[in-house]
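# Analysis of the macromolecular model
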Number of protein chains: 8
Amino acid sequence: MRARGGVIRERVRTLLERVASGEVAPERALDELARAPIETLDFATIDHHRGIRQGFPEVIFGAGKSPAQVVEIAGRLIERGERALITRADAAALGAIHVRWPNARLNEVAGTAFVPEPLDPRPEAGPVLVVTAGTSDLPVAEEAAETLFAASVCVERLTDVGVAGIHRLLARCEALQRAKVIIVVAGMDGALPSVVGGLIACPVIAVPTSVGYGASFGGLAALLTMLNSCAAGVTVVNIDNGFGAAMAAARFVKA
Amino acid sequence: MRARGGVIRERVRTLLERVASGEVAPERALDELARAPIETLDFATIDHHRGIRQGFPEVIFGAGKSPAQVVEIAGRLIERGERALITRADAAALGAIHVRWPNARLNEVAGTAFVPEPLDPRPEAGPVLVVTAGTSDLPVAEEAAETLFAASVCVERLTDVGVAGIHRLLARCEALQRAKVIIVVAGMDGALPSVVGGLIACPVIAVPTSVGYGASFGGLAALLTMLNSCAAGVTVVNIDNGFGAAMAAARFVKA
Amino acid sequence: MRARGGVIRERVRTLLERVASGEVAPERALDELARAPIETLDFATIDHHRGIRQGFPEVIFGAGKSPAQVVEIAGRLIERGERALITRADAAALGAIHVRWPNARLNEVAGTAFVPEPLDPRPEAGPVLVVTAGTSDLPVAEEAAETLFAASVCVERLTDVGVAGIHRLLARCEALQRAKVIIVVAGMDGALPSVVGGLIACPVIAVPTSVGYGASFGGLAALLTMLNSCAAGVTVVNIDNGFGAAMAAARFVKA
Amino acid sequence: MRARGGVIRERVRTLLERVASGEVAPERALDELARAPIETLDFATIDHHRGIRQGFPEVIFGAGKSPAQVVEIAGRLIERGERALITRADAAALGAIHVRWPNARLNEVAGTAFVPEPLDPRPEAGPVLVVTAGTSDLPVAEEAAETLFAASVCVERLTDVGVAGIHRLLARCEALQRAKVIIVVAGMDGALPSVVGGLIACPVIAVPTSVGYGASFGGLAALLTMLNSCAAGVTVVNIDNGFGAAMAAARFVKA
Amino acid sequence: MRARGGVIRERVRTLLERVASGEVAPERALDELARAPIETLDFATIDHHRGIRQGFPEVIFGAGKSPAQVVEIAGRLIERGERALITRADAAALGAIHVRWPNARLNEVAGTAFVPEPLDPRPEAGPVLVVTAGTSDLPVAEEAAETLFAASVCVERLTDVGVAGIHRLLARCEALQRAKVIIVVAGMDGALPSVVGGLIACPVIAVPTSVGYGASFGGLAALLTMLNSCAAGVTVVNIDNGFGAAMAAARFVKA
Amino acid sequence: MRARGGVIRERVRTLLERVASGEVAPERALDELARAPIETLDFATIDHHRGIRQGFPEVIFGAGKSPAQVVEIAGRLIERGERALITRADAAALGAIHVRWPNARLNEVAGTAFVPEPLDPRPEAGPVLVVTAGTSDLPVAEEAAETLFAASVCVERLTDVGVAGIHRLLARCEALQRAKVIIVVAGMDGALPSVVGGLIACPVIAVPTSVGYGASFGGLAALLTMLNSCAAGVTVVNIDNGFGAAMAAARFVKA
Amino acid sequence: MRARGGVIRERVRTLLERVASGEVAPERALDELARAPIETLDFATIDHHRGIRQGFPEVIFGAGKSPAQVVEIAGRLIERGERALITRADAAALGAIHVRWPNARLNEVAGTAFVPEPLDPRPEAGPVLVVTAGTSDLPVAEEAAETLFAASVCVERLTDVGVAGIHRLLARCEALQRAKVIIVVAGMDGALPSVVGGLIACPVIAVPTSVGYGASFGGLAALLTMLNSCAAGVTVVNIDNGFGAAMAAARFVKA
Amino acid sequence: MRARGGVIRERVRTLLERVASGEVAPERALDELARAPIETLDFATIDHHRGIRQGFPEVIFGAGKSPAQVVEIAGRLIERGERALITRADAAALGAIHVRWPNARLNEVAGTAFVPEPLDPRPEAGPVLVVTAGTSDLPVAEEAAETLFAASVCVERLTDVGVAGIHRLLARCEALQRAKVIIVVAGMDGALPSVVGGLIACPVIAVPTSVGYGASFGGLAALLTMLNSCAAGVTVVNIDNGFGAAMAAARFVKA
């Protein structure tokens, strides 16, 4: 913590030097330091967060926000010199974003936007492979892929390779083996991560989706399947949480 | 229904002939017939049941019964000339059965006994293939297999071919293709029936087991997985219900 | 698997013959074969699928798709010479289908369409009897019936014979006995499959529906009832899954 | 309430007469009355309870109590001149009761005892018919029957008439029609009350039992079935609550 | 069953007399009788239903039906000389009913209509007291009350007497004591039936409502409360099932 | 209870004096008193309620009511000289309130209105600190704050201090320590009350919110977290129940 | 936080004075301070904890620990000069405690012990009233009472006043009104807190217990009832958590 | 897949060369190849598994196995030259293992054994930090630590740093920052992973434990908390699944 906390360390060093030189009385320095610990922690923690989000834009959760609100919040971030990833944005919000920032990267399937424009290309971490069981799982998979893009992580995709047609997956072993981390997105029976986790030794992050009906109970069935995966070492994130899976993958490829 | 109800039909015919001959007054015949309909139905339905259980022994659910009770109930059935399949029998009950009927067919893994002795071999229906994901699922799979044996249905087995090592299943495609019906027994993630149902066109009956811990919730996770199978036309029975799966398979191969 | 995999077998045979004749060097044949195994499996599996879906059209799950999308997807399939069954289609989608393919078979209760036109009549498998407990269960029952029609399986119907008026069911025993497979569709208490399964020896597939309110919990009550059926050998599919029940029945009558 | 509250009414009347006669000053009477309202209510309510339990003994819930505790509590009640119904008593408790009160009425299946001895026979209310789906439901059914006996209500029994063999129930329509109230006890699929409620017009009280395994979830499946009964006007009590069903029936036949 | 089945008995008697007179050959009579049993049962059961619904109109469940459909179904029943109770009707349906049958009895709170006009007054059964915990429970309570009216049962009401202001209930003891059956309608904590059941000895039918939010889980909380009522002999119906509670009460007051 | 029940005590005293003076016969006084107890209780209980709601306005639950209904109910209360707090009011209702009572206190985030105008400032109880984990929890937090305002309790706020950035909370320890009661509002993982309860010794009331998606199950996840808080002595209210949390806090600061 | 952190403040002051005097170089002081912030926080937080547990002993959760383990852990605390409250101790553990500390305060119903001996009497906070619905709820209520005793809070008890006999509660209004905080312990229907919360204005803490069977689901029914209490401002703790309720009450009476 | 599949590639190459040389006829080679694809896949997949388990011993799940069975299975593995990790072993099994392999590494808290003896030390991957919220979570944490040891991954531990005493965690930031992967083990409220995930940027794997009672529902509460973590990128494994968390961590540090 201290190694990174250079700013605060410098400030305290200066204070101590002023005490040593007699410029500041010990009692006044004491008062100043009394407010310091939390502040120190504060800066340090922000530092950590920077560690977590290295090169990562701010995130705006678009659900429940009007297009005007989304544009306003993003605008303020951009004024501060930041980029923003907007998730769970509906068509109206994406339209408003396009009008305001014509160069923004929009993904209608994912419901995401990256503003004010995509990052310049640069050597990237990864690849992270995003695998989907069925085409209905695409919105969640694309949310993961766009989040990884925003984190400057290289993404590959493997779509519609659910276990009911197992040959489709087996035919793509090379893509599986090339990945540093695999995100597996599946609804209904949620069985795909067990098969992938059994085939491949890299980290596998399973994302249950709410795709299905009846006793899928909004993704609960797939969630339980994945938590009980018979392939050792598969981890799970919340239902439909493509963003969270991407952030977990980013923790790995950037660690 | 009537076609099979020969006994009752004969009884009513006799009554009517006695009315025609004046031997029985219409009013008295009326009273007798008033009690008949249900009786008719009764015989007919028993007939149906015979249809369902053609060559099938009586079933004694051993759970919660003492060894003495199990032996006594089985003994009474045998005195009436019947055979009995005992399920959910613990070691003590199996021991008591062995003492009483040394020729009984015992299966300690399944917790079943077939008394007083196995049926003579004869041309059988099937084969029904009983597939298990892991060795912990064997008790349920063996209960299914023994029930099929008791129903004179030919059984084959495929063990420990869970989806985390998918190649083990793929290597056994011939056995899968030979089956008339496949019973797939799996706990934990319950993913195996989806893969089997996608590979093979015959009826697939999925049996969730209570194998697992934590969020398997006593088999609920596997049950939901199977109900949401992405392989079309997979059907499901209750958790740990090897007996029920076998009876469902028997309905098919004997239909 | 190999028996059916004639195409790939022929291809490999040709390759080997060219190796034997010196036309192809062993090393180059090795490279070609290195890509073959999965491909082989791929063709074989497609073959299996053909086995499962013999004479069965492609299926388009209409829920969440616009009428335009449904028509476009179906159109592309038809261009490839296939037929399509569209399920979970709303009135608008059915209207758009009717405009495009005036000869399509539409079922508004089921929310299904069969395009571009029904199959010519031919000797069919079956009959499969679709039984409903109440009139509110009809959409699910009709989805099952239309799916069976699309699979060229003969269907019979028995409607509104719930257990609260048990005589209505008993009066129709002949229809029950004629069936090769019975699909029983019921919401609310889901009790009907237990009664049917006790009367009749053929395979019985139970479909819980989300009909009901309060503690029916969207069909959970009926689902649990059916999984716990006291009639041995009843199997269950997902809530409202008329399509799945029909596919299961088709597995039986075509096996 | 007042009509029954004779004791307290007399006490207040005496007080008022002493006020009228000048024996008690109004202010002192006021103080006395200030404490009276609740006391009045108290006596009155006890009176109600007597109304509810007319001729009904005290009830001791035996679960979690040692044989010695059960005997001691019952002994104290008997010393006060009361009779007691002990429910959920295990074999040891029943043994201890038998030693202490040799004339007690014991029911080992129900796990109940009625001490110190059965009531003399007298004209009784009823009959209440206790119907069970399977023999495993008998302990709950017998608890209901013994509770009714303790309430001097006439009981009839109909056992093992579950819906998977519907003819067994139909053959006993006369017993069904004779009943003033029918208690239907069923586990597993819990389907029997729907059939009974559709056949018969009298009050039907459904008791789900924890009989079953897997997805019966300790009686939850049967409970939900009964709450969703498609027979109008069936009411339900808690799982395994034979005592409660009997008390509900007693409310009916004694009202 | 036979006592009531006069019509069918007469038909069989006539047949037997024609056999006795030689008019009909025994064999032909046999064929005719072979179809009779179910028919007999059929008529008998309809007879039962008549018993259950003595003086009760047909019921149309309005939920999910258009105003036009409701009016059409009701119209057909009225043409056959019947009356109809429509439940779960929305404002549009009630409006359409009013236009068609201006004398119909409408209850907008209950969402019910009684067509074509109310029954003439006559001596009625009851009274049944319908008690509600809060004003939000009124729609369910009114559904119960209108159903009782349609069954010619006298109804009284006690509104907004929830347990958080227990004095409101205690102040109305006379109404409670006058009732033959009490229906208690409560959402949120569902505690009211326990208090009422402890005060009063008559049958108490508890109706949980979906009133509440958060952890009320659509009425589940109130349902569980009522099933676990510490007042012995309280019975429960499904969530929001005012109709079912009224039918249960009618079973009692008409038994 | 009696100490407060001055009105009824005076009435009974007058009655007794009239008995003493011979003006009223004992028997007639008895009849009058027979109706008194409940009435006494009634007044007393209203008195209690006054204790609970000292200075607290009437509450109108706006959900499910039209703007016109809300205005009408509030208007009648105001005519009686009362103030009203309206909760769960949508934008339309707030608009209608503003038109009718321009001085009303409106809070659009909370969905509350206080009519006809805010109370004059006066020395207040508190402070109660309302802490929120994220900005999405604000509507519930503001409902709590407005309810406290209506109860004349002083409120402070601490917003967006969720545990994923723990330093934000630690930096605000002074506000935490100043509070008499802390209400902690959190959705998603609901972890914040555990941290606050571990830091601070005052009463902590946790409010789970329905903020989140997937396996948050409408706030169930946060609710369970809070009930299982590892900080001893944290108490919990219903999901989204800002009103209830404020009332609980008011019970404390006014006790 | 700083006001309490006297020890660390003195240490930093000394360090700064040594910097001012040249005794310690600024750089070395910087290194020392770099470790200080957390340490400061650490001491401060322990200080908070002391605030929370003013006069409160250490707590040993006895469940899952052997008698020997419990005695050993308690012994080590006592050696450090502390007292200990042991909760969830079984009879064997209580016996071992009694042997080791004959003056310990034991409560067999609660399963608690207070070692090495009770505190001397002193003026206490409170009273807190612990109310139980039934005698089966006593273990939880006694755990609450013993915890309050250990926290030097005065306790009163009101036992067996469940809502099915509401008069028993109403007769004890004085005890209810005297309390500063009321803890209401109830299983089964969990209805009692709603009644108490409606009668009394002080803080009411509800404790659901696992008392009950069937659909009480281990206390879930009572928990949901309490969370949905129609009495405003009732708060809830975990099932069977008498300890937690007492700690919450202590937060109130000591704040 | 091919790159690794050297053995099979060589075998096919040899076959092709024998075809080229005329030693083997094309038809016979075809037959041999027909069996090859799966075999190829088989070897390849085993290869994968070797990748997953590089240096990892076989795993024996000890739950439900007798000490004799555990020793026998382990013995057979050791005879084949392998090492074995035994998990979920009780005291009896550990005793039997110690007798047989005195040099085995036993961990009684974890219930694990590593046979026949620990691996020689060597440069290891990691460190993985295993953090526990409370001492009751230690068995699960130790299972994770022992599994990591068996995988030759370096482990550090941080114990009893739950969020109710947040300073304990903050004081150990250095250990948190040093870790390559952090496994966070917590029961009850399961809040710790959210705090850790907010502080640190490396991969965080959350393990809910079944520690707790009442509404912890066997770890469900902690599981849901973790799935809904407000710290982005936290992943979750099954309840009590220390083994799975370690395998997931091993996938990360070895990838």
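Residues numbered from 1 in each chain as written. Chains lettered and ligands numbered in written order. Predicted model: local features only at pLDDT ≥ 70, side-chain atom pairs only at ≥ 80, totals over all residues. Heavy atoms only, no water.

Omega for the peptide link from Gly 126 of chain A to Pro 127 of chain A comes to 5°, which places this bond in the cis form. Mapped onto the elements, Pro 127 of chain A comes out in strand E5 (residues 125–132). Looking along the chain, the bond that leaves Val 115 of chain D and enters Pro 116 of chain D is cis, with omega of 0°. Notably, Phe 217 of chain D is not glycine yet its phi reads approximately 45°, a positive angle. The topology assignment puts Phe 217 of chain D in the loop between strand E8 (204–208) and helix H9 (220–227). Even without being glycine, Met 188 of chain H reaches a positive phi, approximately 45°. (Helix = DSSP H or I, 4+ residues; strand = E, 2+ residues; numbered from the N terminus.)

Moving on, we come to the sheet that holds strand E1 (residues 58–61) of chain D. All names here are of chain D. If you walk across this open sheet you meet the four strands as E1-E2-E4-E3, and the pairing is mixed. Each edge of the sheet is formed by a strand with only one pairing partner; in this case those strands are E1 and strand E3 (105–107). Averaged over all adjacent pairs, the angle separating strand axes in this sheet is 15°, with direction ignored. As paired strands, E1 and strand E2 (residues 84–87) are joined by four bridges and run parallel to one another. From the neighbouring strand, Glu 58 faces E2, where its bridge partner is Ala 84. This element, helix H3 (residues 67–79), spans E1, E2 and strand E4 (112–115) of the sheet and lies at about 170° to E1. (Pairing = 2+ DSSP bridges. Axes fitted to C-alpha atoms, helices over the stretch in contact; angles between N-to-C directions. Contact = heavy atoms within 4.5 Å.)

The next subject is the packing of helix H4 (residues 67–79) of chain F against helix H5 (residues 91–100) of chain F. All names here are of chain F. Closest axis-to-axis distance for the H4/H5 pair is 8 Å, and the angle between their directions is 45°. Here H5 runs oblique to H4, going by the angle between their axes. In terms of crossing hand, the pair formed by H4 and H5 is right-handed. Here Pro 67, Val 70, Val 71 and Gly 75 of H4 lie close against H5, whose contacting residues are Ala 92, Ala 93, Ala 96, Ile 97 and Arg 100. Split by residue class, the contact of H4 with H5 holds seven nonpolar, one polar and one charged. (Parallel < 35°, antiparallel > 145°, perpendicular 65-115°, else oblique. Left-handed = near helix turned anticlockwise from the far one by under 90°. Nonpolar A, V, L, I, M, F, W, Y, C, P; charged D, E, K, R; others polar.)

The next point concerns the packing of aromatic side chains. Two aromatic rings are characterised by how far apart their centres lie and by the angle between their planes. Counted under the stated rule, the structure contains 20 aromatic pairs over all chains. Ring plane angle 90° and centroid distance 6.0 Å describe the contact between Phe 114 of chain H and Phe 149 of chain H, whose orientation is recorded as edge-to-face. With Phe 114 of chain H in strand E4 (residues 112–115) and Phe 149 of chain H in helix H5 (residues 138–150), this pair connects stretches of sequence that are 35 residues apart. Residue class for Phe 114 of chain H comes out buried when judged on its relative accessible area of 1%. Looking at Phe 149 of chain H, the relative accessible area reads 22%, which means it is partly exposed. Geometry around Phe 149 of chain A places Arg 105 of chain A over its ring, the cationic atom sitting 3.7 Å from the centre. The lysine or arginine in question, Arg 88 of chain C, covers the ring of Tyr 213 of chain A, its NZ or CZ lying 4.5 Å from the ring centre. (Phe/Tyr/Trp six-rings, centres within 6.5 Å; stacked < 30°, edge-to-face > 60°. Buried < 20%, exposed > 50% of the residue type's maximum accessible area, 1.4 Å probe, protein only. Lys NZ or Arg CZ within 6 Å of the ring centre and 35° of its normal.)

Moving on to helix H10 (residues 242–254) of chain H. Its 13 residues place the ends of H10 of chain H 18 Å apart at the C-alpha level, agreeing with the 18 Å of an ideal helix rising 1.5 Å per residue. Along H10 of chain H, the residues classified as buried are Gly 242, Phe 243, Gly 244, Ala 245, Ala 246, Met 247, Ala 248, Ala 249, Ala 250, Arg 251 and Phe 252 of chain H. (Expected span 1.5 Å × (residues − 1).)

Here we take up the sheet that holds strand E2 (residues 84–87) of chain E. Residues and elements named next belong to chain E. As summarised here, the arrangement of the four strands in space is E1-E2-E4-E3, forming an open sheet in which the pairing is mixed. Each end of this open sheet is capped by a strand with a single partner; those strands are strand E1 (58–61) and strand E3 (105–107). Averaged over all pairs of adjacent strands, the angle between their axes in this sheet comes to 15°, without regard to strand direction.

Quick look at the state of the cysteines now. Taken as a whole and judged by the stated rule, the model has zero disulfides over all chains. Cysteine Cys 202 of chain A remains unbridged, with the sulfur of Cys 173 of chain A as its closest cysteine sulfur at 12 Å. With no disulfide of its own, Cys 230 of chain A lies closest to Cys 230 of chain B among cysteine sulfurs, the gap being 14 Å. Classification of Cys 230 of chain A as partly exposed rests on a relative accessible area of 30%. (Disulfide = S-S within 2.5 Å.)

A separate point is the side chain of Asn 241 of chain F. With respect to the element layout, Asn 241 of chain F can be found in the loop between strand E9 (234–236) and helix H11 (242–254). Beyond its immediate sequence surroundings of up to four residues, Asn 241 of chain F is in contact with Tyr 213 of chain E together with Arg 88, Val 140, Glu 143 and Val 207 of chain F.

Another point: the pattern of salt bridges. Residues and elements named next belong to chain D. A complete count under the given rule lists 64 salt bridges over all chains for this structure. Across the pair Glu 82 and Arg 80 runs a salt bridge whose closest N-O atoms are separated by 2.9 Å. The exposed category is assigned to Arg 80, whose relative accessible area is 59%. (Salt bridge = Lys/Arg side-chain N within 4 Å of Asp/Glu carboxyl O.)

Attention shifts here to the environment of Asn 228 of chain C. Tracing the chain through its elements places Asn 228 of chain C in the loop between helix H10 (220–227) and strand E9 (234–236). The exposure class of Asn 228 of chain C is buried, given its relative accessible area of 2%. When the C-alpha positions of Asn 228 of chain C and Val 184 of chain C are compared, they lie 15 Å apart, and in sequence the two are 44 residues distant. Sequence-distant contacts of Asn 228 of chain C, defined by excluding residues within four places in its chain, comprise Asn 238 of chain B together with Met 188, Asp 189, Tyr 213, Ala 215, Ser 216 and Ala 221 of chain D.

So, to be careful, I would describe these as geometric facts and stop short of saying anything about function.
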